[in-house]
Amino acid sequence: MEDIKLIEAVERYISGQMSPDERVYFEQLRKTNAEVDQMVFEHTFFLQQMNRFDDVKNLKATLNETHIHLGEKGLIKAPRLKGKAKVVYLYNRYKKVTAIAASIAGITALTISALVWSLSPGKPANKQDIENLSRDIRNINQKVSQVQKQNQVLNQKIDGVKDQAPAESNIPFITGGTGFLIDTKGYIVTNAHVVKDAQHVAVQSSNGKDLFAKVIYSDIEKDIAILKITDKNYKPVSSIPYSIRRNGGDLAEAIFTMGYPRNDIVYGNGYIASKTGYNGDTLSCQITIPANKGNSGSPVLNKNGEVIGILSKKENTVEGAAFALRSKYIFEAVNELQKDSSYKNIKLPVASTLKGKERTQQVNSISGFVFMVKVD
Amino acid sequence: MVLKTDQLKPDSSEKALLQGLARNDKKAVETIYKDNYNLVQALVVNNSGTSDDAKDIFQEAMVVLYEKVQSGTFELNCQIKTFIYSVSKRLWLKRLMQQNRFSISDGHAESVSVDEEMEEHEKRDTEFTMMERAMNGLGEPCKSLLEAFYLQKKSMQEIASSFGYTNSENAKNQKYKCLMRLKKLFFSQYKNESL
């Protein structure tokens with residue numbers, strides 16, 4: 001019997017959909033064929049696992065809802081969301097709707113600025129074969145028509161929500177890159193080109209929540225920027241699993257990166273290809289890794305979970321070639337920033353807790369500290 | 001651990017709550033939550049935890065209780081409160097031990113031995129994480145397709161039309177491929193884990 005047919009039969013057997021005759025025949029088969037018997041056993045176990053997973057996942061969702069609900073009503077002593085909890089709740093609920101509504105308003109302006117941006121002369125030498133990895137503005141045009149369609153349907157809902165949502169939610173966040181936490185208090189490092197000319201900046205964590213942030217340091221030449229999460233909903237994390245290395249990596253050293261070229265976090269792995277960057281640039285090193293628009297600002301880590309660079313550019317002419325700004329410039333940027341006494345307390349993570357762990361575990365721990373950076 | 005003799009046996013309303021919990025019934029979950037959360041939060045916060053830790057610990061304890069009632073036993077040998085408190089205490093102690101702290105001071109709330117439940121929960125929690133990893137590693141449209149068939153119990157015809165397959169036979173083939181991949185992802189971890 002073919003495997004696909006067999007699995008189908010096993011499933012019908014388990015769920016009791018077999019006719020009595022068929023069942024007798026199948027049970028006979030089970031007795032005489034150990035492989036079939038094993039398969040029934042294994043598949044039953046697997047389906048049970050899947051169902052349990054779903055049940056617990058659903059329960060966890062109910063628990064979270066209940067927690068918020070009871071907290072808002074004051075029925076449990078959990079700390080309540082400060083201020084306009086109701087508004088925030090509604091805002092979260094209709095975030096998509098308002099964001100779409102707002103993007104319609106902003107989209108024409110953005111398209112024009114995108115055109116101006118793409119046509120205006122950049123750095124002449126780099127322009128042709130190198131590009132920054134900001135998420136693609138050129139796709140916006142296609143998206144406009146899709147969005148407009150959705151908009152008609154959503155218009156009614158929006159009217160009801162507009163009054164309740166905070167004014168800030170009307171910011172049409174579009175382009176973006178990636179950033180990662182360098183201090184538990186909400187300091188994030190990314191590329192300067194990602195947040196260049198931004199009016200507003202927000203970061204989205206792995207659980208999909210948008211948090212407002214502001215640019216507190218930007219160095220276009222080195223292409224490094226530091227953001228501070230200003231959002232009230234940000235809760236400082238207890239510790240950061242990775243560390244930042246002062247010196248760069250070695251040639252051929254294995255590296256990996258995590259970033260947001262699309263709405264979900266994407267993992268990539270590769271190696272250090274050259275200790276210098278584009279045209280012998282000593283600020284950065286060349287790495288071979290799959291990189292896409294939106295990967296800008298992603299951390300580049302070695303096998304011990306130490307950040308050795310910030311993914312910043314890719315070369316168009318060579319497949320897989322990208323450039324990472326050396327991590328020592330994170331230290332330099334922070335030093336520069338600390339001259340201002342209000343940023344004296346920034347503390348970069350010094351010890352990686354990821355050493356010797358399996359990659360999946362490392363990635364799992366890191367993902368919560370890597371954010372999508374959105375600008376308007 | 002000493003069981004007090006005057007400990008109250010669970011009454012019928014507690015049984016109804018447990019039955020509700022087994023069905024993931026919102027009302028039941030809310031009642032249990034409301035009646036027990038503060039006690040657990042006090043325990044965690046008084047032992048150098050935050051209210052976020054308390055939320056995690058309490059919700060995990062709820063999962064342990066859920067797992068227990070899933071097996072069809074709606075009779076605890078103690079009150080729901082005592083059970084949740086005991087489990088929470090164990091969970092928080094474990095968390096503290098990972099941070100090299102070994103004791104916690106609890107208030108005056110009663111507790112019972114929950115060794116068996118904790119052991120079972122650890123196994124199930126590992127399995128949950130493995131399935132979660134496998135599911136996340138699967139990618140789309142496989143994940144949604146399998147969820148639609150196995151969890152939402154949609155028919156192959158429905159799936160074919162909503163996922164844009166030309167006929168249910170194609171959808172079936174795709175489902176089979178996805179299932180094989182998911183099983184591989186799941187069982188490969190299972191083997192690593194049980195070594």
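Residues numbered from 1 in each chain as written. Chains lettered and ligands numbered in written order. Predicted model: local features only at pLDDT ≥ 70, side-chain atom pairs only at ≥ 80, totals over all residues. Heavy atoms only, no water.

S.K.: When you look at the overall build of chain B in this model, what are you seeing that I'm missing?
M.R.: Along chain B, the regular secondary structure elements total 8 helices and 0 strands. Its helices and strands in sequence order give chain B the pattern α-α-α-α-α-α-α-α, from N to C terminus. Burial statistics for chain B: of 195 residues in total, 42% are counted as buried. Of the contacts made within chain B by residues no fewer than 6 positions apart, 67% connect residues no fewer than 24 positions apart. (Helix = DSSP H or I, 4+ residues; strand = E, 2+ residues; numbered from the N terminus. Buried < 20%, exposed > 50% of the residue type's maximum accessible area, 1.4 Å probe, protein only. Contact = heavy atoms within 4.5 Å.)

S.K.: Got a minute to help me understand the pattern of salt bridges in this structure?
M.R.: Oppositely charged side chains can form a pair if their charged atoms are brought close together. Under the defined criterion, the tally for this structure stands at 21 salt bridges over all chains. For arginine 30 of chain A, the salt bridge identified is with aspartate 37 of chain A, shortest N-O distance 2.6 Å. Among the ionic pairs, glutamate 120 of chain B bridges to arginine 124 of chain B, the shortest N-O distance being 3.0 Å. Of this pair, glutamate 120 of chain B and arginine 124 of chain B both sit in helix 5 (residues 115-138), separated by 4 residues, roughly a single helical turn. Exposure remark for arginine 124 of chain B: the relative accessible area of 13% places this residue in the buried category. (Salt bridge = Lys/Arg side-chain N within 4 Å of Asp/Glu carboxyl O.)

S.K.: Help me out: how do you make sense of helix 5 of chain B in this one?
M.R.: Along an α-helix, residues three or four positions apart point the same way, because every turn accommodates 3.6 residues. Between the first and last C-alpha of helix 5 of chain B there are 35 Å, a value that for 24 residues agrees with the 34 Å anticipated at 1.5 Å per step. Directly after helix 5 of chain B, the chain includes glycine 139 of chain B, whose backbone phi takes a positive value near 80 degrees. (Expected span 1.5 Å × (residues − 1).)

S.K.: Explain the pairing of strand 10 (residues 284-288) of chain A here, please?
M.R.: Successive residues of a regular strand alternate their side chains across the two faces of the sheet. For strand 9 (residues 266-274) of chain A and strand 10 of chain A, the ladder comprises 3 bridges, and the chain directions are antiparallel. Note on strand 10 of chain A: the bridge partner recorded for serine 274 of chain A is glutamine 286 of chain A. (Pairing = 2+ DSSP bridges.)

S.K.: Honestly, the state of the cysteines in this entry has me stumped. Any pointers?
M.R.: As used here, a disulfide is simply a covalent bond connecting the sulfur atoms of two cysteines. All names here are of chain B. For the structure shown, the criterion picks out 1 disulfide over all chains. Disulfide partner of cysteine 142: cysteine 178, at an S-S distance of 2.1 Å. Because the sign of the S-S torsion sets the handedness, a value of about -75 degrees for the bond joining cysteine 142 and cysteine 178 places this disulfide among the left-handed ones. Taken as a pair, cysteine 142 in helix 6 (residues 142-151) and cysteine 178 in helix 8 (residues 168-194) lie far apart in primary sequence, 36 residues in all. (Disulfide = S-S within 2.5 Å.)

S.K.: Would you mind going over the interface of chain A and chain B with me for this structure?
M.R.: By a widespread convention, an interface's size corresponds to the accessible area lost as its parts come together. Each side of the interface is counted separately: chain A has 37 residues, and chain B has 41 residues. Counting the contacts that link chain A with chain B gives 6 salt bridges. Linking chain A to chain B there are 12 residue pairs in polar contact (both at pLDDT 80 or more). Taken together, the elements giving at least two residues each to the side of chain A that touches chain B come down to helix 1 (3-14) and helix 3 (34-73) of chain A. (Polar contact = N/O pair within 3.5 Å; in protein donor to acceptor, adjacent residues only side chain to side chain.)

S.K.: Got a minute to help me understand unusual backbone geometry in this structure?
M.R.: Most of the time, phi is negative for any residue but glycine, and the peptide bond is trans. Glutamate 140 of chain B connects to proline 141 of chain B through a cis peptide bond whose omega is 5 degrees. Its place among the elements puts proline 141 of chain B in the loop between helix 5 and helix 6. Its identity is not glycine, yet alanine 252 of chain A carries a phi of approximately 70 degrees, on the positive side. Tracing the chain through its elements places alanine 252 of chain A in the loop between strand 7 (243-244) and strand 8 (254-259). You can call alanine 252 of chain A exposed: its relative accessible area is 57%. Here the phi dihedral of asparagine 24 of chain B falls at roughly 60 degrees; this positive angle occurs in a residue that is not glycine.

S.K.: Hey, could you run me through the side chain of serine 352 of chain A in this one?
M.R.: All names here are of chain A. One can find serine 352 in the loop between helix 8 (328-337) and helix 9 (359-367). Looking at serine 352, its side chain comes within polar contact range of the main-chain nitrogen of leucine 354, at 3.1 Å. Serine 352 has contacts with Pro241, Tyr242, Ser243, Asn304, Gly305 and Glu306, leaving out every residue within four places of it along the chain.

S.K.: What's the story with the environment of serine 205 of chain A in this structure? I'm lost.
M.R.: Residues and elements named next belong to chain A. Turning to its location among the elements, serine 205 is positioned in the loop between strand 4 (201-204) and strand 5 (210-219). Taking the C-alpha atoms as reference points, serine 205 and phenylalanine 369, 164 residues apart in sequence, are found 7.5 Å from one another. Excluding residues within four positions of it along the chain, serine 205 makes contact with Tyr260 and Phe371.

S.K.: Would you mind showing me how to read the packing of helix 3 of chain A against helix 2 (residues 26-45) of chain B here?
M.R.: Relative placement of two packed helices is described by the angle separating their axes and the distance separating the axes. Interaxial distance between helix 3 of chain A and helix 2 of chain B falls to 10 Å at its minimum, and their mutual angle equals 55 degrees. The angle between the axes of helix 3 of chain A and helix 2 of chain B places the two elements in the oblique class. Along this stretch, helix 3 of chain A crosses helix 2 of chain B, giving a crossing that reads as right-handed. Mapping the contact onto sequence places Leu59, Thr62, Leu63, Glu65, Thr66, His67, His69 and Leu70 of chain A in helix 3 of chain A and Lys26, Val29, Glu30, Tyr33, Lys34 and Tyr37 of chain B in helix 2 of chain B. Its residues assigned to classes, the contact of helix 3 of chain A with helix 2 of chain B shows 6 nonpolar, 4 polar and 4 charged. (Axes fitted to C-alpha atoms, helices over the stretch in contact; angles between N-to-C directions. Parallel < 35°, antiparallel > 145°, perpendicular 65-115°, else oblique. Left-handed = near helix turned anticlockwise from the far one by under 90°. Nonpolar A, V, L, I, M, F, W, Y, C, P; charged D, E, K, R; others polar.)

S.K.: Mind showing me how you'd approach the nonpolar core here?
M.R.: Generally speaking, a soluble globular protein has its nonpolar side chains buried in company with each other. Ranked by size, the top nonpolar core spans 73 residues in total, and within it Phe26 of chain A together with Leu21 and Ile84 of chain B carry the most contacts. A total of 11 residues in this core trace back to one element, the largest contributor, which is helix 3 of chain A. With near-sequence residues (within four places) excluded, phenylalanine 26 of chain A lies in contact with Ala9, Val10, Tyr13, Met18, Val36 and Val40 of chain A. Core analysis: the next-biggest nonpolar cluster, separate from the first, contains 50 residues, Leu181, Ile216, Ala333 and Phe369 of chain A among them. (Core = buried A, V, L, I, M, F, W, Y, C linked by side-chain atoms within 4.5 Å.)

S.K.: I'm lost on the packing of aromatic side chains in this one. Help?
M.R.: Any two aromatic rings considered together are summarised by their centre-to-centre distance and by the angle between their planes. Throughout the structure, instances matching the rule amount to 14 aromatic pairs over all chains. Centroid distance tyrosine 37 of chain B to phenylalanine 58 of chain B: 5.3 Å. Interplanar angle 85 degrees. Geometry classified as edge-to-face. Placement of tyrosine 37 of chain B in helix 2 and of phenylalanine 58 of chain B in helix 3 (residues 51-70) is noted, with a sequence separation of 21 residues between them. On the basis of relative accessibility, which here comes to 0%, the residue tyrosine 37 of chain B falls in the buried class. By relative accessible area, which is 0% here, phenylalanine 58 of chain B ends up buried. In this structure an aromatic cluster arises from ring pairing among Phe45 and Phe46 of chain A together with Phe186 and Phe187 of chain B. One residue, arginine 246 of chain A, lies across the ring of phenylalanine 331 of chain A, its end atom 3.9 Å from the ring centre. (Phe/Tyr/Trp six-rings, centres within 6.5 Å; stacked < 30°, edge-to-face > 60°. Lys NZ or Arg CZ within 6 Å of the ring centre and 35° of its normal.)

S.K.: Whenever I open this one, the sheet that holds strand 14 (residues 370-375) of chain A confuses me. Can you help?
M.R.: Two modes of strand pairing occur in sheets, parallel and antiparallel, and in both the strands are linked by backbone hydrogen bonds. Residue and element names in this part refer to chain A. Read around the barrel, 6 strands follow the order 2-3-6-5-4-14 and close on themselves; strand pairing throughout is antiparallel. Along the sheet, successive strands turn relative to each other by an average axial angle of 40 degrees, direction set aside. Both strand 2 (residues 176-183) and strand 14 contribute to a ladder of 5 bridges, which runs antiparallel. Among the inter-strand pairings, glycine 177 is bridged to a residue of strand 14, identified as valine 373.

S.K.: Sorry if this is basic, but what is going on with the pairing of strand 13 (residues 321-326) of chain A here?
M.R.: Residue and element names in this part refer to chain A. Judged by how many residues are buried, strand 13 sits mostly within the fold: 6 of 6 residues are covered. Bridge analysis of strand 10 against strand 13 gives 5 bridges, and the strand direction is antiparallel. The partner of glutamine 286 across the bridge, within strand 13, is phenylalanine 323.

S.K.: What is the right way to look at helix 3 of chain B in this model?
M.R.: Look at helix 3 of chain B: 28 Å from first C-alpha to last across 20 residues, which is about the 28 Å you get at 1.5 Å a residue. Where helix 3 of chain B terminates, the next one or two residues include glycine 72 of chain B, which has phi positive at roughly 95 degrees.

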